[in-house]
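Residue-level listing of the chains:
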Amino acid sequence: MRAPARSAPDWQGLRRSLKGTLVRPGEAAYDRSRRLFNPAFDRVRPNGLAYCETAQDVAACLAFARRSGLPVTARSGGHSYAGWSTGTGLVIDLSRMNGVAYRSGTATIGSGARLMDVYTKLAGYGVSIPAGSCPTVGVGGLALGGGIGAVSRKYGLTCDRLVSVQVVTADGRVLDCDATRHPALFWACRGGGGGNFGVATSFTFRTHRAHELAHFYLRWPWAKAAAAVAAWQDWAPGAPDELWSSLHLLRDRSGLSVQLAGTYLGDLAGLNRLLGKLTKRVRPASRVARVVPYLTAMQIMAGGPGLRTTFSAKSHMAYRKLPAAGIAALVAGVARPGRHAVLLDALGGAVGRVGARDTAFPHRAALYSVQYYADGTSRTWLRGVHGELRAFFGDHAYVNYIDPDLREWRSAYYGQNAARLAEVKAAYDPGRVFRLPQGV
């Protein structure tokens, strides 16, 4: 049986149907509009970019894509590590759907809201949500893949605070999903990754109070790198929920270094007691700790304005501690020539008290996440050190650090939840309108 004939793309018809704006090749805004956070993907040239302002705009874009057969991609912040926030067909840009509203303990946030804007607006109400650190990442992509951040051990992942989500499905329906309405789709939207089941346009989260907290920063000489890794992984994942930390092994213009940054939802006296358990094992060269407003801490953890930068990345999820041989491989890998880093972010706490099948995010038993970053577009260093550490970490990976090299990506990202996610995909996108290279 032949597939139904596709009509020629009616771009002017799409333009007329939108409350928002359509940008096409040759128009003044096109080169700026097609750029992602990572300049490595500036070569990609979409046939059109629709700046949607309503869920109905999104539905019109999906109807256009179905009629024309053009590939369609949703973009909230444009931070996909593989560049899959763009494509050669139609890009549905959600950056104008960026509202942040607060009422009675919940925040309703548009998918295109940038993270630092969310933190800033919620701080005005004295509340926040657990989320990431990149200031310009879109809330949509962050929440759909899980959302690891500086207070996750106390308050859970971003997706753990999700009360409901509005999704425009492939057939154009605008669905409000929660524990009772479309519960399977709601489940999939909590860790199943963006771009798989529909276009999420709005999220409602339970908030937490945004009190002052302690921020800390420690630094060790490179000669203590192995000792610092061994001590940190014994200390961080089992610390009280109020303590979160990220250990960085870096090689940059200034050379090699080991740094630890973190937050503590308490006072300096309590933080100093906890840090003492770490520093007794491996004494740092420098140590700074101070109590700051919640928003200030999030700004510090963001590390800057989030400027466009060319990089490549990979990930692991560590279900067990690195043995001595694994630590040696990690330290030796970072010491190789180049400009790169490995970041270890502590998990455990509230993250680990959610069942592995309760949400689509499966890595509840992981002790910490592992991020491998390299400046530039070459993946040689990444593939080398990632392959060596695979012998110790296994094949677990984080979908928000999506990796085009992975072959067994379904099991790496989703573990035992992969089969159920495929069922949700078949129910809500049977025609596979959404076709990521690593799409469910």
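Anything mentioned here points back to the structure above.
Residues numbered from 1 in each chain as written. Predicted model: local features only at pLDDT ≥ 70, side-chain atom pairs only at ≥ 80, totals over all residues. Heavy atoms only, no water.

Trainee: Hey, could you run me through the sheet that holds strand 2 (residues 48-51) in this one?
Mentor: Sheet strands associate in pairs through backbone hydrogen bonding, adopting either a parallel or an antiparallel arrangement. Sheet architecture is open: 4 strands sit in the order 1-2-4-3, paired in mixed fashion. Either end of the sheet is taken by a strand with one partner, and the two such strands are strand 1 (21-23) and strand 3 (72-75). Within this sheet the neighbouring strands show an average axis-to-axis angle of 20°, counted without direction. Sheet topology places strand 1 next to strand 2; 3 bridges connect them, and they run antiparallel. Looking at strand 2, one finds that Thr21 is bridged to Tyr51. Taken strand by strand, helix 3 (residues 55-68) contacts strand 2, strand 3 and strand 4 (90-93), and its axis lies near 170° from that of strand 4. (Pairing = 2+ DSSP bridges. Helix = DSSP H or I, 4+ residues; strand = E, 2+ residues; numbered from the N terminus. Axes fitted to C-alpha atoms, helices over the stretch in contact; angles between N-to-C directions. Contact = heavy atoms within 4.5 Å.)

Trainee: What is the right way to look at the packing of helix 11 (residues 324-334) against helix 12 (residues 380-393) in this model?
Mentor: Axis angle and axis distance: for two packed helices, these are the angle between their axes and the distance between the axes, and together they describe the pair. The geometry of helix 11 relative to helix 12 is characterised by a closest axis approach of 9 Å and an angle of 175° between their N-to-C directions. The angle between the axes of helix 11 and helix 12 places the two elements in the roughly antiparallel class. Facing Ala325, Gly326, Ala329, Leu330, Gly333 and Val334 of helix 11, the residues of helix 12 in contact are Trp381, Val385, Glu388, Leu389 and Phe392. Each residue belonging to the contact of helix 11 with helix 12 can be placed in one class, and the counts come to 8 nonpolar, 2 polar and 1 charged. (Parallel < 35°, antiparallel > 145°, perpendicular 65-115°, else oblique. Nonpolar A, V, L, I, M, F, W, Y, C, P; charged D, E, K, R; others polar.)

Trainee: What exactly am I supposed to notice about the layout of surface pockets here?
Mentor: Summary: where empty space remains is shown by rolling a probe the size of a single water molecule over the atoms. In this model, the second largest pocket occupies a volume close to 360 Å³. Around the second largest pocket sit 22 residues that line it, and Arg32, Arg35, Leu36, Gly77 and Arg114 are the ones nearest its centre. Elements that contribute at least two residues to the lining of the second largest pocket include exactly strand 1 and helix 2 (30-33). Partitioned by chemical class, the residues of the lining of the second largest pocket number 6 nonpolar, 9 polar and 7 charged. (1 Å grid on protein atoms, 1.4 Å probe; cavity = no way out; pocket = protein on both sides within 12 Å on 5 of 7 lines; lining within 4 Å. Points joined across faces, edges and corners; volume = space filled by probe spheres on them.)

Trainee: How should empty space enclosed by the protein be read in this particular structure?
Mentor: Summed over the entire model, instances satisfying the criterion amount to 2 cavities of 30 Å³ or more. Each pocket or cavity is described by its volume, and for the largest cavity that value is around 60 Å³. Taken together, Leu144, Val167, Cys189, Gly193, Gly194, Gly195, Asn196, Phe197, Gly198 and Ala200 form the lining of the largest cavity. Size it by volume and the second largest cavity reaches roughly 30 Å³. The wall of the second largest cavity is formed by Leu36, Phe37, Asn38, Phe41, Gly78, His79, Ser80, Tyr81 and Phe311.

Trainee: When you look at helix 4 (residues 115-123) in this model, what are you seeing that I'm missing?
Mentor: Residues lying three or four places apart along an α-helix face the same way, a consequence of the helix completing one turn every 3.6 residues. Along helix 4, the residues classified as buried are Leu115, Met116, Val118, Tyr119 and Leu122. Burial along helix 4 is one-sided: seen end-on, the buried residues are contained in an arc of 160°. Where helix 4 is buried, its residues contact strand 5 (100-103), strand 6 (106-110), strand 7 (127-128), helix 5 (139-145) and helix 10 (294-302). (Buried < 20%, exposed > 50% of the residue type's maximum accessible area, 1.4 Å probe, protein only. Arc of directions from axis to C-beta.)

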